Each structure stands twice: as C-alpha cells, then as structure tokens.
Amino acid sequence: MLRQIAEKIVQAQRTVVFVGAGVSTESGIPDFRSPGGIWTRFDPEEFTYQNFLASERARERYWQLGREIYALIKAAQPNAAHLAIAEMERMGLLDCLITQNIDGLHFKAGNTPEKVIEIHGTVMYVLCLTCRKRYSRDEIELRLAAGEKVPRCDECGGLLKPATVAFGQPMPERETAEAFRRSAASDLFICIGSSLVVHPAAQLPVVAKDNGAFLVIINRDPTTCDSIADVVHRGLAGPAMEEIMRYVKEMKP
Ligand code: APR
C-alpha cells in the first residue's frame, strides 16, 4: 500500500498534503483528541474566542495554556513526517502543504513559506486585536515570564493574542480561500494525522475528492473521511512517510 502511495506521488501533477496534529505527536507535541490530548485535559469551551474577548480571567487562562504549549513547541524538532513532506517539496513533488498545526515545524523541516498554508495560524507571532500590530512570540513570552499575565498592545492598549485561530474566531480569509482552491485543483490529496472533525478544514479532503483527486489518508485512528478515501493507511505518520519517500526515491532518483 505504501508503495502504491509512492507511485501516486511520483505520477501526480498537483499533490496537496493536508496535515493535523498527528504529524507533530512524534515530535513531543500532544494532539487534541487522542488520550492525553489537549482537549482531554482542558475544556475547549473555556478557550473560545468569545471567552477570550469577554473576560480577563479567561485571557489569563488562555495565556497560561498557551505558555505550556509554546514551551513544548520551542523544544520540538521536526520528525520523519515533517522531513518527508519537506523532501517532497525539494523533489518538486508538492503543489502545496495545508497545515492545521500552529507549531511551525514544517519550516524547521525545510518547507518554504510559499508552499505552506497555515490555515489555523501560528503561535510564532502575536497580534493586537485592535490595531493589528505584530509582535514576535518570544518578545511576549519574555513579558509573560516577567510577570505580565494578560499582555496588551504598547501602541494602543488593545488585547494581544497569539496569531492562531481559536474556536469561534474567523478563519484567515486569504489562506482559507487558497486552501479550498488548491484542494479542488489537486489530483492527489494526502491527509496525514488529522481526525478530520473540525470544519471548515475537514471539508478540504471532500472538496478534493469531489473534484477528482485520488484521496489518501494516513492516520493512527479512524477518521471521518475513511469511507470516501481511495487508500487508508492505519499507522504512524513518521514511519509511513519515511517508507513512502524511500519508494519515491527508488522511482524518481
Ligand atoms: N501518526 C499518525 N496519526 C496520528 C499520530 C501519529 N504519530 N498521532 C496522532 N495521530 C492521529 C490521531 O489518531 C488523530 O486521529 O492524529 C489525529 C489527531 O486528531 P486531533 O487531535 O483531532 O487533531 P486535528 O485533527 O489536527 O485537530 C484539528 O482542532 O482543536 C482544533 O485547531 C485545532 O487544528 C486543530 C483542529
């Protein structure tokens, strides 16, 4: 089966790879819905955009959780799955990578920004919700470490928030439209490490399939799109992608 996926990658004209938190668990970053995942330890209802806007206490809790996750992200290294997707780009076999992840590990692995759509944003910088001033995450982390609990904009006093998309927060328009356009235009769509339960992102494999793409799912557990996939590999992303790229290099040295 992995050899078949490799053949498809070599033959395809426009391969879109679509990933979720499952590609980063082998780098030490927990996913959301597996046992021990973020939403099994914290209540997602507490971390909605509306709550963030509504209460100082909610913002304090949001930044506490954010610091815990950011510490893991800072320490994380790309794993074999990230490295394989970067290799696909280097070999000219990747039309684009659409990631639901906010950890920036694709860039550490070697993917270039032009090829990556971060549909749920990134923790790597912070934005003022009022004047849109942009701060580096490390700059804000220093302020938090120095005791600031709910950072505010030093230009306008507005609320600062990591540049991620929280539940209830509008999706980034340009990135979302481009993700749907590229998915619909793909002839091979590979989903890796996502439960495919959060919309609109989870619609992307359906749009790809509806427009004629060959749909591959690589995931440890069942997903909502297994029934429409052409190939489902039930297993870990790192080892699977490593083996697939070994076959690809045999076919396209
Ligand atoms: N290899 C393969 N699959 C894995 C691995 C692994 N090493 N580790 C976890 N998985 C699978 C799990 O089986 C699960 O189906 O990855 C999937 C992760 O699913 P979720 O935790 O729901 O993460 P994701 O699909 O990315 O969530 C989507 O939800 O909370 C929001 O914004 C957040 O982007 C996130 C979105």
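All residue numbers refer to position in the chain's written sequence, counted from 1. Restriction of local features to residues with pLDDT of at least 70 applies here, the model being predicted, together with a cutoff of 80 or more for giving and counting side-chain atom pairs; totals for whole chains, interfaces and linings are based on all residues. To obtain the side-chain values, all non-hydrogen atoms of the structure were used and water was disregarded.

Caption draft 1: Local environment of the site of the ligand. It suffices for a single heavy atom of a residue to lie within 4 Å of a molecule or strand for the residue to be listed as near it. Around the ligand sit 23 residues in total, of which Ala21, Arg33, Ser194, Ser195 and Asp221 are the nearest. Any N or O atom pair separated by 3.5 Å or less is treated as a polar contact, with the protein-specific requirement of one donor-capable and one acceptor-capable atom, and with residues adjacent in sequence counted only for side-chain atom pairs. Ser195 has a polar side-chain atom sitting 2.6 Å from an oxygen atom of the ligand. The contact in question runs from an oxygen atom of the ligand to an N or O atom on the side chain of Asp221, over 2.6 Å. Methods summary: accessible areas were calculated by the Shrake-Rupley approach with a probe of 1.4 Å, and residue burial reflects only the protein chains presented. Notes on the ligand: free accessible area 730 Å², of which the protein chains cover 96%. Both domains that furnish three or more residues to the shell around the ligand are identified here as domain 1 (1-29 + 78-120 + 171-253) and domain 2 (30-75 + 122-164). Throughout the structure description, domain borders are defined by an automatic or database domain assignment.

Caption draft 2: Main features of the side chain of Ser34. Only DSSP runs of H or I reaching four residues or more are called helices, and only runs of E reaching two or more are called strands; each is numbered from the N terminus. Mapping Ser34 onto the fold places it in the loop between strand S1 (15-19) and helix H2 (38-41). A polar contact of 2.6 Å, which involves the side chain of Ser34, links it to the side chain of Arg220. If near-sequence neighbours (up to four positions away) are discounted, Ser34 is found in contact with Thr40, Arg220 and Asp221. By the convention used here, residues are in contact when the closest approach between their heavy atoms is within 4.5 Å.

Caption draft 3: Up close: the domain arrangement of the chain. Domain boundaries in the chain define domain 1 (1-29 + 78-120 + 171-253) and domain 2 (30-75 + 122-164). A C-alpha centroid distance of 27 Å is found between domain 1 and domain 2. Across the contact, 15 residues belong to domain 1 and 13 residues belong to domain 2. Together, the buried faces of domain 1 and domain 2 total about 1,100 Å²; carbon and sulfur atoms form 61% of this surface. Accessible surface is computed with a 1.4 Å probe, and the buried area is the amount of it that two parts give up when combined, taken over both parts together. When residues of domain 1 are sorted by the area they lose upon contact with domain 2, Ala21, Ile29 and Ile102 head the list and together hold 42% of the total. Between Lys or Arg on one side and Asp or Glu on the other, a salt bridge is scored when a side-chain nitrogen of the former is within 4 Å of a carboxyl oxygen of the latter. Scanning the region where domain 1 abuts domain 2 turns up zero salt bridges. Linking domain 1 to domain 2 there are two residue pairs in polar contact (both at pLDDT 80 or more). Each residue gets one label: Ala, Val, Leu, Ile, Met, Phe, Trp, Tyr, Cys and Pro are nonpolar, Asp, Glu, Lys and Arg are charged, and the others, such as Gly, are polar. Among the residues making up the side of domain 1 that touches domain 2, the classes are represented as five nonpolar, five polar and five charged.

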